[in-house]
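Structure assessment
Residues per chain, in single letters:
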Amino acid sequence: MDPAQFQANLRNLRDFLQVYNRLTEHCFSRCVSNMNYRYLTREEELCLDGCSGKLINANHRIIQKFAEVGPYAKMQQEQQRAAEQAAADAAAQVAQAGAAGATDIPAGVSDVPQAVPGVDLQLPA
């Protein structure tokens, strides 16, 4: 197994254990109220079954929706990255063209706008 696959598997295991631990802590604190007995009471068992069942079903629904939406979201991200890269490439080409064009300006010509006949550039006093 290559290191990247091993890291992905380890990350998946860690995520699963975190979800399992949160589920266990939530349902335990919600359902178990009496620590005087070795075994769970019937009410505690029913509460734990309902609590864990609801959380597991909710988790399954989230995973299912993610599986449905995930490929579309990934495709949108790839399209956005491609558009950003194209914009960056275009900006780089414009910058290169501007740099190349700046050296082609004949001597004595400046970028300062000249006075336009019939237009008063003086500010009123």
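Scroll up a little and you will see the structure.
Throughout what follows, the structure given in this document is the object of discussion. (Residues numbered from 1 in each chain as written. Predicted model: local features only at pLDDT ≥ 70, side-chain atom pairs only at ≥ 80, totals over all residues. Heavy atoms only, no water.)

Next up on the list: a nonpolar patch on the surface. Taken together, Met1, Phe6, Leu10, Leu13, Phe16, Leu17 and Tyr20 make up a surface patch of nonpolar side chains, about 750 Å² in accessible area. One can find Phe16 in helix H1 (residues 3-31). With a relative accessible area of 52%, Phe16 lands in the exposed category. (Patch = residues over 30% accessible without salt bridge, like charges linked within 9 Å, V, L, I, M, F, W, Y side chains within 5 Å. Areas by Shrake-Rupley, 256 points an atom, 1.4 Å probe, with all protein chains shown as cover. Salt bridge = Lys/Arg side-chain N within 4 Å of Asp/Glu carboxyl O. Helix = DSSP H or I, 4+ residues; strand = E, 2+ residues; numbered from the N terminus. Buried < 20%, exposed > 50% of the residue type's maximum accessible area, 1.4 Å probe, protein only.)

A few words now on the side chain of Glu44. Within the secondary structure, Glu44 sits in helix H2 (residues 42-102). Buried charge without a partner: Glu44 forms no salt bridge, and the closest opposite charge is Arg42, 11 Å away. A polar atom in the side chain of Glu44 sits 3.2 Å from the backbone nitrogen of Ser33. Here Glu44 is in contact with Cys31, Val32, Ser33 and Asn34, once residues within four sequence places are set aside. (Lys, Arg positive; Asp, Glu negative; His and termini not counted. Polar contact = N/O pair within 3.5 Å; in protein donor to acceptor, adjacent residues only side chain to side chain. Contact = heavy atoms within 4.5 Å.)

Right, let's talk about the state of the cysteines for a bit. The final tally for this structure, using the stated rule, is two disulfides. Each sulfur in the disulfide pair Cys27 and Cys51 lies 2.1 Å from the other. Between Cys27 and Cys51, the S-S dihedral sits near -85 degrees, and the bridge is therefore left-handed. Residue Cys27 is located in helix H1, and its partner Cys51 is located in helix H2; the two are separated by 24 residues in the primary sequence. No difference in accessibility class separates Cys27 from Cys51, as the two residues are buried. (Disulfide = S-S within 2.5 Å.)

Let us now look at the packing of aromatic side chains. To describe a pair of aromatic rings, one takes the distance between the centres and the angle between the planes. For the structure on display, the rule yields one aromatic pair. On the numbers, 6.4 Å between centres and 25 degrees between planes, the contact of Phe16 with Tyr20 is stacked. Taken together, the positions of Phe16 and Tyr20, both in helix H1 and four residues apart, correspond to about one turn of that helix. On the basis of relative accessibility, which here comes to 46%, the residue Tyr20 falls in the partly exposed class. (Phe/Tyr/Trp six-rings, centres within 6.5 Å; stacked < 30°, edge-to-face > 60°.)

Now for the pattern of salt bridges. Evaluated as defined, the whole model comprises two salt bridges. Residue Glu45 pairs with Arg42 through a salt bridge whose shortest N-O separation is 3.8 Å. Here Glu45 pairs with Arg42, and both are found in helix H2, just three residues apart, close to one helical turn. Taking relative accessible area as the criterion, Arg42 reaches 55% and is therefore assigned exposed. Here Glu68 makes a salt bridge to Lys65, at a shortest N to O gap of 3.5 Å. Here the residue Glu68 and the residue Lys65 both occupy positions in helix H2, the gap between them amounting to three residues, near one helical turn.

No statement about biological role is implied by the geometric values presented.
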